[in-house]
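Each chain, written out:
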Amino acid sequence: MTAMLEYDDEAARQVEAVYLTTDVVQQRQEVLRLLALTPGEAVLDIGSGPGLLTTEMAQAVGPTGQVCGIDVSDSMLTLARNRAVPPDSAPVEYRHGGADAVPYPDVSFDVVVSTQVLEYLTDIPAALAEAFRVLRPGGRLLVLDTDWDSIVWHSTDPDRMRRILLTWQQHLADPFLPRTLGRQLRQAGFHLAPPRVLPLLNVGYEPTTFSGREIPVIARFVTGRDGWTAADVDSWGEDLRTLGPDYFFSLNRYVFRATRPE
Ligand SMILES: C[S@@+](CC[C@H](N)C(=O)[O-])C[C@H]1O[C@@H](n2cnc3c(N)ncnc32)[C@H](O)[C@@H]1O
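Presented here is a report on the structure given in the accompanying data block. Note that the structure is predicted; figures quoted are calculated from it, not measured.

1. Focus: helix α4 (residues 74–81)
1) Next: The set of residues buried in α4 consists of S75, M76, L77, L79 and A80.
2) Next: Tucked inside the fold, the buried residues of α4 contact α1 (9–19), β2 (66–71) and β3 (92–96).

2. What about the packing of helix α5 (residues 124–134) against helix α7 (residues 178–187)?
1) Next: Their axes nearest at 10 Å, the elements α5 and α7 cross at an angle of 50°. By the angle between their directions, the pair α5 and α7 is classed as oblique. Relative to α7, the crossing made by α5 is right-handed. Counted together, I124, P125 and L128 of α5 and L181, Q184 and L185 of α7 form the full contact between these two elements.

3. Side note on the pairing of β3
1) Next: In this structure, β2 lies alongside β3, joined through five bridges in parallel fashion. Note on β3: the bridge partner recorded for G69 is Y94.
2) Next: Taken together, β2, α4 and β3 form a β-α-β motif whose crossover is right-handed.

4. Some words on unusual backbone geometry
1) Next: Positive phi, normally seen in glycine, also occurs at A36, with a value near 50°.
2) Next: Relative to the helices and strands, A36 is located in the loop between α2 (22–35) and β1 (42–46).

5. Examining the pattern of salt bridges
1) Next: This structure, assessed with the given rule, holds 17 salt bridges.
2) Next: Note that R179 is salt-bridged to D149, the shortest N-O span being 3.2 Å. Taken together, the residues span a long stretch of sequence, with R179 in helix α7 and D149 in the loop between β5 (135–146) and β6 (152–153) at a distance of 30 residues.
3) Next: A salt bridge links D239 to R160; the nearest nitrogen and oxygen atoms lie 3.9 Å apart. Residue D239 is found in helix α9 (residues 230–241), and its partner R160 is found in helix α6 (residues 158–168); the two are separated by 79 residues along the sequence.
4) Next: When salt bridges that share partners are traced, they join D8, E10 and R220 into one network.

6. Digging into the side chain of S114
1) Next: One can find S114 in strand β4 (residues 109–115).
2) Next: Leaving out residues up to four positions away in the same chain, S114 has contacts with I46, L142, V143 and L144.

7. Some words on the site of the ligand
1) Next: Surveying the vicinity of the ligand reveals 17 residues, the closest of which are Y19, G47, D71, A99 and T115.
2) Next: One of the backbone N or O atoms of G47 is found 2.6 Å from a nitrogen atom in the ligand.
3) Next: Between the ligand and T115 there is a distance of 2.6 Å, counted from an oxygen atom to a side-chain nitrogen or oxygen.
4) Next: Expressed as a share of its isolated accessible area of 590 Å², the protein-covered part of the ligand is 91%.
5) Next: In terms of residue class, the shell around the ligand is made up of eight nonpolar, eight polar and one charged.

8. What to know about the packing of aromatic side chains
1) Next: Under the defined criterion, the tally for this structure stands at nine aromatic pairs.
2) Next: For the ring pair F132 and F190, a centre distance of 5.2 Å and an interplane angle of 75° mean the geometry is edge-to-face. In this pair, F132 sits in helix α5 while F190 sits in the loop between α7 and β7 (191–192), placing the two residues 58 residues apart along the sequence.
3) Next: Here the aromatic rings of W168 and F221 are separated by 5.6 Å at their centres, their planes lie at 80°, and the arrangement is edge-to-face. With W168 in helix α6 and F221 in helix α8 (residues 210–222), this residue pair connects regions lying 53 residues apart in the sequence.
4) Next: Take F221: its relative accessible area is 7%, and that puts it in the buried class.
5) Next: Directly above the ring of F221 sits R225, whose terminal nitrogen or CZ lies 3.8 Å from the centroid.

9. Topic: the nonpolar core
1) Next: Membership of the largest hydrophobic core comes to 34 residues, with the highest contact counts inside it found for W153, W168, V222, W236, L240, Y247 and F249.
2) Next: Sorting the residues of this core by element identifies α1, α4, α6, α8, α9 and β9 (248–259) as the ones contributing at least two each.
3) Next: By residue number, the principal contributor to this core is α8, which donates seven residues.
4) Next: Setting aside chain neighbours within four positions, we find Y247 in contact with W153, N202, V203, G204, Y205, S211, G212, I215 and L240.
5) Next: Counting 25 residues, the second largest nonpolar core, distinct from the first, contains I70, V102, L141 and F256.

The rules behind these values
One numbering rule holds for all chains: residues counted from 1, following each sequence as written. Note on the predicted model: pLDDT of at least 70 is required for a residue's local features to be given, and 80 or more for side-chain atom pairs to be given and counted; whole-chain, interface and lining totals, by contrast, use all residues. Remark: hydrogens and water are excluded; side-chain values derive from all non-hydrogen atoms of the structure. Note on exposure labels: buried denotes an accessible area under 20% of the residue type's maximum, exposed denotes more than 50%, and partly exposed covers the range between, all computed with a 1.4 Å probe on protein chains only. Runs of E in the DSSP output that reach at least two residues are strands. Runs of H or I that reach at least four are helices, and both are numbered from the N terminus. Here a residue-residue contact requires only that any non-hydrogen atoms of the pair lie within 4.5 Å. To obtain each axis, a line is fitted to C-alpha atoms, and for helices this fit is confined to the stretch in contact; angles are then taken between N-to-C directions over 0 to 180 degrees. Small angles under 35 degrees read as roughly parallel and large ones over 145 as roughly antiparallel, with 65 to 115 read as roughly perpendicular and the rest as oblique. Crossing handedness is read from the near helix: turned anticlockwise from the far helix by less than a right angle, it gives a left-handed crossing, and turned clockwise, a right-handed one. We call two strands paired when DSSP finds no fewer than two bridges between them. Call a crossover right-handed when, viewed with both strands pointing away from you, the route from the first strand across the helix to the second goes clockwise. Salt bridge, as used here, is a side-chain nitrogen of Lys or Arg placed within 4 Å of a carboxyl oxygen of Asp or Glu. The rule for a residue being near a molecule or strand is that one of its heavy atoms must lie within 4 Å of it. Polar contacts, as used here, are pairs of N or O atoms within 3.5 Å; protein pairs need one atom able to donate a hydrogen and one able to accept it. Residues neighboring in sequence count only if both atoms are side-chain atoms. We get accessible surface area from the Shrake-Rupley algorithm with a probe of 1.4 Å; when it comes to residues, only the shown protein chains can shield them. Classification used: nonpolar for Ala, Val, Leu, Ile, Met, Phe, Trp, Tyr, Cys and Pro, charged for Asp, Glu, Lys and Arg, polar for all others including Gly. Pairing of aromatic side chains here covers Phe, Tyr and the six-membered ring of Trp, requires ring centres within 6.5 Å, and sorts the geometry by plane angle: under 30 degrees stacked, over 60 edge-to-face, intermediate tilted. Placement of a charge over a ring requires the Lys NZ or Arg CZ to be within 6 Å of the ring centre, with the centre-to-atom vector within 35 degrees of the ring normal. Here, the term nonpolar core denotes a set of buried Ala, Val, Leu, Ile, Met, Phe, Trp, Tyr and Cys residues that are joined through side-chain atoms within 4.5 Å.

Structure follows, in structure tokens:
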């Protein structure tokens, strides 16, 4: 797709706000639990964005570990580099770099992580080959992505909601990546654990939830595309905000854990 979301300063700050919601804080806690990092491990975060998970992983591996983040967005890299790293964390380094050309040598990391990134990529095999290359044999990969077909978002105008979401899906190269990711990981040479699902669920409208914070992100992206005017999009958002206790949002994210064979 040609219209993918570009993370300028405003978009980067919007994403950071979404990722500071309790919903996503809890998701990161579950990702950290599944990663089971141990002190001293070297970790690469591909598409590190605002650096929230990167920083938490640096705490988990401690001062004898090492954590690196790469991203293609300078705005995201600036947010991440400005994030305070707590004492007794691993040193954290951020580099500009794409998932299909990771700027580190072969066999550099014990763990590679990429959350909410692969669905933006047009060449998944190239990204998985890079993750494989920089992992040591026996090293672990964790990938998390959303399948936008799993969404349930109540609206008084279901047809408008369906069409808004169709336009929103254009921000990704593959809005349905999880359903084929297992096969693509196996084809890249990884051994897979059973995938896990992490649902996001918001019942009753609250502006500080994941979906409450996503409304302006989606509004900004869809306005001006597929004929959507600012007034159309305002009306869509206002409908959601005024549903009160009838507000209902649910969306699934899927976690894939894989290892590079010894
Ligand atoms: C939705 S954010 C997720 C950020 C972070 N992984 C997290 O979960 O908090 C997607 C990030 O992927 C980055 N990204 C997009 N395409 C990329 C690519 N080809 N290589 C590396 N990063 C990329 C974006 O710049 C953005 O920071």
